[in-house]
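Each chain, letter by letter, is given below.
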Amino acid sequence: MKRSIDYHLSNWKQNPRRKSLILRGARQVGKTHAVRNLGKQFDNFVEINFEVDLEARTIFDGNLHPDRIVQHLSLHTNQDIIPGKTLLFLDEAQAQPQALIALRYFYEEMPGLHVIAAGSLLNFAIAKVGVPVGRVEFLHMHPMSFIEFLYATGHQRIAKAILLEQSVTDPLTGPMHDMFLRLLNEYLVTGGMPEAVQIWKDTHDLTAVMAVQQSIARSYTEDIPKYAPKSQAEHVDVIFKHIPHMLGQRFKNTNIPGEYTTRELAPAIDLLEKAMIARRVYHTSAQGFPLAAQSDLRKYKLLLVDVAVTQKLLNSDPREWILNPKISYINKGPLLEAFVGQELIAYQDPTIPAELFYWYGEGRGSTAELDYIITVNRDVVPVEVKSNRGSSLKSMRSFLTSHPNSKYGVRFSTHNYSVFDTLHSYPLYAVAALFPQTHAALLAL
C-alpha cells in the first residue's frame, strides 16, 4: 500500500543536500515497508535489522569510519554498497545505538550514500547517545489516515473529491454523504495500522482484523520491559491500559485505579510518548502564535496512537460500525474526538514532531471547552467534535468572543458541509480538507 510518507522519502532521495535520515514512528505503523518501497528506486537496497542480526551489530562496535563500515557490511551481506546507487537501511537501530552516531560520519565523509535509520523504540536510543545536530534529518510516521485508507481500499476518486472538489459551502447529496460516512465507519473498524487495513481490503474479515489489533495491543504491552525500568513498568502498563477510559478528559491521577502520585505517573506517560504509543494534548490559551508558547504542560489529555487499538482495549464490539451505520455514532463523542486527533496528527508536517492542543475557559465558573485548537493559514482555529447532530456550540461562541483574532470555528460531526455565520461545519470524514499543504503528498498516492 502506498503512503503519503513515500512522497517525502522520494523528495529526500532526490535532494542533493540531503543528510542521513532518521525515520521515527511507533511499532506497526509501516516504517520498514515504506523504506523497502523506496529501495525499489535504487540499484541496490541493503537492509540491516539489528534486532536479529547480531553480527552486524559488532561492525559498529569498532571505529565509525564509513569506508570501514561499508566494506564490512558489504562483505557481511554479500551486496554492493555504492554511493549514489545504494540505499542502506539500518532498521531497529535502537539495538545498536552506535549506528546512530555513525550517521554523522556518513554525512560528513560519504555524503553520496543514502542512509536511513529506523526503529520502533528509536527515541530511547536517541535519548541515550544523542544525535549529531545538523548532520541528520527526521521524518515522523503515523498510522494510516482516512485518506490513505480510501486509496488503499480502492476509493481514490472519493479521496480526491474530499481533497480537491468539496467546498465547505457546497454540501454533498444525501446519499453520497451517507456513503462517505459508511466508508468512515469501515476505517473506524480497521484503524490505521497497515496490516489491519490490508486484511480488510483483501478479505473484509472483521474477526481477522480484530485479531491483528489484539496482536498489536499485546506487542505494545510486551515492549514495556524493553524501555521501562522495573520500578516504572507497572505504571507504564496501567497508564497504557487506562488511556481509552479517559478519552476527552483532562488527565488526573485520580482517574487511575490505585493510589499513584504524579511523581510515579508522569514519567510513565513520558515513556509512552517516547515509544510514540501515547500523546499528550496540551491546554493552550490560544491567544496567538505559536500555540505551544501559550500551553500549560501540567494540563493535558491523553490519546493512544490508533483509534482501533483504543477500541480493542475498551473491549468494545466494532461490528456496530458496520451493522448499524446510522446509529453507531450516538454516544461515541470521546472516541470520535480521538479519531479527529489522529487525523490532525496525520496531516501535520512530517519533518517535525506533531503537536496537539485543546482549550477550556479559565474564568470562574466557566464550563467552556473545545476539543482542539489548530492553525490554518496563520489563523488560530477552534475545533469541536460532535458525535451527533445536536449541538448548542456554547463553548465555540465563548471562544470566538474571547479570541477576536480567530475569524471562525470548525465543527466536525455527522453533518454535511455547511457554513453558518462564523461556524464552518465539516463532515467527520473531511479533516484532511483543512490541510492543503499536505494534499500534494496525498494526491501522489
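Data block above holds the structure.
Here the structure is a predicted model, which is why all the values come from computation and not from measurement.

Draft legend 1. Expanded view of the side chain of Ser120. Along the chain, Ser120 turns up in the loop between strand 4 (114-118) and helix 6 (122-129). Residue class for Ser120 comes out buried when judged on its relative accessible area of 5%. Among the polar contacts listed, one links the side chain of Ser120 to the side chain of Arg27, at a separation of 3.2 Å. Not counting the four nearest positions on each side in its chain, Ser120 is found in contact with Gly25, Arg27, Lys31, Glu92, Gln94 and Ala275.

Draft legend 2. Fine view of empty space enclosed by the protein. As enumerated under the stated definition, the model contains three cavities of 30 Å³ or more in all. Estimated volume of the largest cavity: approximately 40 Å³. Ranked by the residues each element gives to the lining of the largest cavity, the list is headed by helix 14 (residues 307-313), at three residues. In terms of residue class, the lining of the largest cavity is made up of five nonpolar, three polar and one charged. For the second largest cavity, the calculated volume is near 40 Å³.

Draft legend 3. Structural view of the pattern of salt bridges. Under the counting rule described, the total for this entry stands at 18 salt bridges. For Glu369, the salt bridge is made with Lys301, and the minimal N-O distance between the two is 3.9 Å. Of this pair, Glu369 sits in strand 9 (residues 369-370) while Lys301 sits in strand 7 (residues 295-304), placing them 68 residues apart in sequence. Accessibility expressed as a relative area gives 2% for Lys301, which makes it buried. In this structure, Glu320 and Lys332 form a salt bridge, with 3.2 Å as the shortest nitrogen-oxygen distance. With Glu320 in helix 15 (residues 319-323) and Lys332 in the loop between helix 15 and helix 16 (333-346), the pair connects residues that are 12 residues apart, well separated along the chain. Relative accessible area serves as the criterion here: at 19%, Lys332 is assigned to the buried category.

Draft legend 4. Summary view of the sheet that holds strand 2 (residues 44-49). Within the open sheet, the five strands sit side by side as 2-3-4-1-5. Their pairing is parallel. Pairing within the sheet leaves two strands with one partner each, and these edge strands are strand 2 and strand 5 (136-140). On average, each strand axis in the sheet is inclined to that of its neighbour by 20°, with strand direction left out of account. Bridge count for strand 3 (residues 86-91) against strand 4 is four bridges, and the pairing is parallel. Counted as the bridge partner of Leu87 is His114 from strand 4. Set on the sheet, helix 2 (residues 31-39) makes contact with strand 1 (20-24), strand 2, strand 3 and strand 4; between it and strand 3 the angle comes to about 170°.

Draft legend 5. Inspection of the pairing of strand 1 at higher detail. For strand 1, the tally of buried residues reaches five of five residues, placing the bulk of the element in the interior. The alternating pattern of strand 1 places Ser20, Ile22 and Arg24 on one face and Leu21 and Leu23 on the opposite face, and all of these are buried. Note: strand 1 against strand 5, five bridges, orientation parallel. Its bridge partner being in strand 5, Leu21 is matched across the sheet by Glu137.

Draft legend 6. Examining the packing of aromatic side chains more closely. Applying the stated criterion to the full structure yields 18 aromatic pairs. Each ring, one from Phe146 and one from Phe149, has its centre 6.2 Å from the other, and the planes form 20°; the classification is stacked. Placement of both Phe146 and Phe149 in helix 7 (residues 146-152) is noted, with a separation of three residues, approximately one turn of the helix. Note on accessibility: Phe146 and Phe149 belong to one class, buried. With a centroid separation of 6.3 Å and 90° between ring planes, the pair formed by Tyr220 and Phe240 is classed as edge-to-face. On the criterion of sequence distance, the pair formed by Tyr220 in helix 11 (residues 206-227) and Phe240 in helix 12 (residues 230-242) is long-range, its members being 20 residues apart.

Draft legend 7. Representation of the packing of helix 4 (residues 66-77) against helix 5 (residues 98-109) in the model. In the contact formed by helix 4 and helix 5, the axes pass within 9 Å of each other and the chain directions differ by 105°. If you check the angle between helix 4 and helix 5, you find them roughly perpendicular. For the pair helix 4 and helix 5, contact is made by Pro66, Ile69 and Val70 and by Ala102, Tyr105, Phe106 and Glu109, respectively. Residue composition of the contact of helix 4 with helix 5, by class: six nonpolar, no polar and one charged.

Draft legend 8. A look at the sheet that holds strand 7. Reading across from one edge, 7-6-8-9 is the order of the four strands in this open sheet, with mixed pairing throughout. Since the sheet does not close on itself, it has two edges, and those belong to strand 7 and strand 9, each with one partner.

Draft legend 9. Expanded view of the layout of surface pockets. Quantified by volume, the largest pocket comes out at close to 860 Å³. For the largest pocket, the lining is made up of 41 residues, of which Tyr347, Gln348, Asp349, Phe435 and Gln437 are closest to its centre. At the level of secondary structure, the elements contributing two or more residues to the lining of the largest pocket comprise helix 1 (4-14), helix 16, strand 10 (372-376) and helix 18 (439-443). Considering only residue class, the lining of the largest pocket consists of 26 nonpolar, 10 polar and five charged. There is about 590 Å³ of room inside the second largest pocket. The wall of the second largest pocket is formed by 32 residues, among which Glu273, Met276, Arg279, Pro353 and Ala354 lie closest to the centre.

Draft legend 10. Quick peek at the nonpolar core. Counting residues in hydrophobic clusters, the biggest one holds 130 residues, and the most contacted among them are Ile116, Phe146, Ile147, Ile162, Tyr227, Ile239 and Tyr429. Among the elements that take part in this core, helix 11 stands out by supplying nine residues, more than any other. If sequence neighbours within four positions are ignored, Ile147 has contacts with Ala159, Ile162, Leu163, Tyr347, Ala432 and Leu442.

Definitions and limits used
- The numbers attached to residues start from 1 for each chain and follow its sequence in the written order.
- For a predicted model such as this one, the threshold for reporting local features is a pLDDT of at least 70, and the threshold for listing and counting side-chain atom pairs is 80 or more; totals across whole chains, interfaces and linings nevertheless cover every residue.
- The basis for every side-chain value is the complete set of non-hydrogen atoms in the structure, without hydrogens or water.
- Helical segments are the DSSP runs of H or I of at least four residues, strand segments are the runs of E of at least two, and each set is numbered from the N terminus.
- For every residue, the accessible area obtained with a 1.4 Å probe (protein chains only) is divided by the maximum for its type, and the residue is called buried under 20%, exposed over 50%, and partly exposed between those limits.
- Side-chain atoms alone can form a polar contact between residues adjacent in sequence; in general such a contact is a pair of N or O atoms within 3.5 Å, and within protein one must be able to donate a hydrogen while the other accepts it.
- Two residues qualify as a contact provided that any one of their heavy atoms is within 4.5 Å of a heavy atom in the partner residue.
- Only protein atoms enter the 1 Å grid used here, on which a cavity is any set of points holding a 1.4 Å probe that cannot leave and a pocket is any open set flanked by protein within 12 Å on both sides along at least five of seven lines; residues with an atom within 4 Å of a point are listed as lining.
- Grid points are joined across faces, edges and corners, and a volume is the space filled by probe spheres set on the points.
- Amino acids are sorted into nonpolar (Ala, Val, Leu, Ile, Met, Phe, Trp, Tyr, Cys and Pro), charged (Asp, Glu, Lys and Arg) and polar (every other residue, Gly among them).
- One side-chain nitrogen of Lys or Arg within 4 Å of one carboxyl oxygen of Asp or Glu is enough to make a salt bridge.
- Two strands are counted as paired when DSSP detects at least two bridges linking them.
- All axes here are fitted lines through C-alpha atoms, helices being fitted over the stretch that makes contact, and every angle between N-to-C directions spans 0 to 180 degrees.
- Pairs were defined over the aromatic rings of Phe, Tyr and Trp, the Trp ring being its six-membered one, requiring ring centres within 6.5 Å. Orientation was assigned from the angle between planes: stacked under 30 degrees, edge-to-face over 60, tilted for the rest.
- What sets the label is the angle itself: under 35 degrees gives roughly parallel, over 145 gives roughly antiparallel, 65 to 115 gives roughly perpendicular, and the rest give oblique.
- Working definition of a nonpolar core: buried Ala, Val, Leu, Ile, Met, Phe, Trp, Tyr and Cys residues. They are joined through side-chain atoms within 4.5 Å.

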